[in-house]
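Understanding the architecture of this molecule
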Amino acid sequence: MKNRIESFRGSEHFRLNYIADCVIAAIAVPGTGSLGNAAIIDLGDITLVVDTFSTIQAAEDLKAAAEYLTGNPVSYVINTHWHSDHTSGNQVFLPAANIISTSTTREIMNTFARERLAQYRENTVQMYQAIKEFEEQIQQETDEKLKREMAWESASDREFMKMLPNLVHSLPTITFDQQMTIHGSNRSIQLITFGGGHTQSDAIVYIPEDKIVVIGDLVLSKHHPVLAYANPQEWLNILEQVELLDVETIVPGHGEVCSLQDLHEVKGYITDIMAIVAEAVQSKKSIDEIEVPELYHNWYFTTYFKTNLNKVYDMITKLEG
């Protein structure tokens, strides 16, 4: 596949990153219709795609890349979790491919995610208004890094809204509960879930022979993890389970291809944010006063820091109440 990357027509939504003969990462370009990362896996006689981006257009480019690089149609799509930046492109691969997720992920996609999408469609005027107001905030922002991030976020939101009328909510067709193996002529991959950490259910794709894991949003490289639907303690437990696998290379849900070092950094971030909020609650300090720790100043997704604080604060005060 390596030789074909340079001759692929390219995409404005992602960059192709060669990892091994069987795995190419599709790394999201900020401010486009991808938002999250994806991966292309060649098992020899079977081609798989892991996650399908935030828009139909980005997914169409991903499908074209997968078919061009492997010479085979895409047989399977794996959704690591239910978030729309990893699932919105599912329809592009149907009906030729089977879409695989955990049972819980499919259930959430068929209920909560479906209802949320219906609300988006009913409230498009308000959503465009919210984007406009956010863009006015961007103009007032004096921190250049944050301003750039906010501009990327707004641009990706506009890409999603532009696509929304054509979006067909497409559910997984195959589900599993613990582990599933797909065997190809050259490689086998393992789909594994250790439960829910980032979301109520997270799956990883493990390629033992190459010591590679495509991990969804359980690991973000130099990005603030997103805790909105998270169970932080379970997230830490899951990452400890991943560490027990023989892994050298990680394709994260956001950011560049990385290693176990980045997994350790995510564990550190979750541990830090839980400790920071616990200390604030104990000393009756407002979490609004908490600044991003210096260790994470250069990380992206800065706007999620405050929502992460609020999530952990709600969890701690609920437990204490």
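Everything in this summary refers to the structure shown in the same document. (Residues numbered from 1 in each chain as written. Predicted model: local features only at pLDDT ≥ 70, side-chain atom pairs only at ≥ 80, totals over all residues. Heavy atoms only, no water.)

**Focus on the packing of aromatic side chains**
We describe a pair of aromatic rings using the distance from one ring centre to the other and the angle between the two ring planes. Applying the stated criterion across every chain yields a total of 11 aromatic pairs. When the centroid spacing of 5.9 Å and the interplanar angle of 65° are considered together, the rings of phenylalanine 112 and tyrosine 229 count as edge-to-face. On the criterion of sequence distance, the pair formed by phenylalanine 112 in helix 5 (residues 112–122) and tyrosine 229 in the loop between strand 11 (212–220) and helix 8 (232–243) is long-range, its members being 117 residues apart. By the ring-pair criterion, three or more aromatic residues cluster together here, those being Trp82, Phe112 and Tyr229. Positioned above the aromatic ring of tyrosine 68, the side-chain terminus of arginine 4 is 4.1 Å from the ring centre. (Phe/Tyr/Trp six-rings, centres within 6.5 Å; stacked < 30°, edge-to-face > 60°. Helix = DSSP H or I, 4+ residues; strand = E, 2+ residues; numbered from the N terminus. Lys NZ or Arg CZ within 6 Å of the ring centre and 35° of its normal.)

**Considerations on the pattern of salt bridges**
Taken as a whole and judged by the stated rule, the model has 13 salt bridges. A salt bridge links glutamate 159 to lysine 162; the nearest nitrogen and oxygen atoms lie 3.7 Å apart. One end of the pair is glutamate 159 and the other is lysine 162, both in helix 7 (residues 144–163) and three residues apart, which spans about a single turn. Lysine 162 sits in the exposed class, given a relative accessible area of 57%. For lysine 211, the salt bridge identified is with glutamate 248, shortest N-O distance 3.6 Å. (Salt bridge = Lys/Arg side-chain N within 4 Å of Asp/Glu carboxyl O. Buried < 20%, exposed > 50% of the residue type's maximum accessible area, 1.4 Å probe, protein only.)

**Concerning the sheet that holds strand 11**
A sheet is described by the order of its strands in space; here five strands give the open sequence 8-9-10-11-12, paired in mixed fashion. Two strands close off the open sheet at either side, each with one partner strand: strand 8 (179–183) and strand 12 (249–254). Between one strand and the next, the sheet's axes are offset by a mean angle of 25°, whatever the strand orientation. Examined bridge by bridge, strand 10 (residues 203–207) and strand 11 share three bridges and lie antiparallel to one another. Of the residues in strand 11, the one forming a bridge with tyrosine 206 is valine 213. Its contacts with the sheet place helix 8 against strand 10 and strand 11, and it is angled at close to 165° to strand 11. (Pairing = 2+ DSSP bridges. Axes fitted to C-alpha atoms, helices over the stretch in contact; angles between N-to-C directions. Contact = heavy atoms within 4.5 Å.)

**Let's talk about unusual backbone geometry**
In this structure, the amide linkage connecting leucine 94 to the following residue, proline 95, adopts the cis form with an omega of 0°. Tracing the chain through its elements places proline 95 in the loop between helix 3 (84–87) and strand 6 (98–102). Backbone geometry at lysine 222 places phi at a positive 55°, although glycine is not the residue there. Relative to the assigned elements, lysine 222 resides in the loop between strand 11 and helix 8. Residue classification places lysine 222 among the partly exposed residues on the basis of a relative accessible area of 35%. In this structure, phenylalanine 301 takes a positive phi of about 65° despite not being glycine. Taking relative accessible area as the criterion, phenylalanine 301 reaches 17% and is therefore assigned buried.

**A closer look at helix 4 (residues 103–110)**
Of all the residues in helix 4, the buried ones are Thr105, Ile108 and Met109. Relative to the axis of helix 4, the buried residues are bounded by an arc of 100° and lie together on one face. On its buried face, helix 4 is in contact with helix 3, strand 6 and helix 5. (Arc of directions from axis to C-beta.)

**Thoughts on the packing of helix 4 against helix 5**
It is at 3 Å that the axes of helix 4 and helix 5 come closest, and there the two elements cross at 30°. Judged by the inter-axis angle, helix 4 sits roughly parallel to helix 5. In this structure, helix 4 uses Ile108, Met109 and Asn110 to contact helix 5, whose residues at the interface are Phe112, Ala113 and Arg114. Here the contact of helix 4 with helix 5 is built from residues that sort into four nonpolar, one polar and one charged. (Parallel < 35°, antiparallel > 145°, perpendicular 65-115°, else oblique. Nonpolar A, V, L, I, M, F, W, Y, C, P; charged D, E, K, R; others polar.)

**Things to note about the packing of helix 8 against helix 9 (residues 260–282)**
Axis separation between helix 8 and helix 9 bottoms out at 10 Å; the angle between their running directions is 160°. Classified by the interaxial angle, the pair formed by helix 8 and helix 9 is roughly antiparallel. Like other packed secondary-structure pairs, helix 8 and helix 9 cross with a definite hand, here left-handed. Seen from helix 8, the contacting residues are Pro232, Gln233, Trp235, Leu236, Leu239, Glu240, Val242 and Glu243; seen from helix 9, they are Leu263, His264, Val266, Lys267, Ile270, Thr271 and Met274. Considered class by class, the residues forming the contact of helix 8 with helix 9 number nine nonpolar, three polar and three charged. (Left-handed = near helix turned anticlockwise from the far one by under 90°.)

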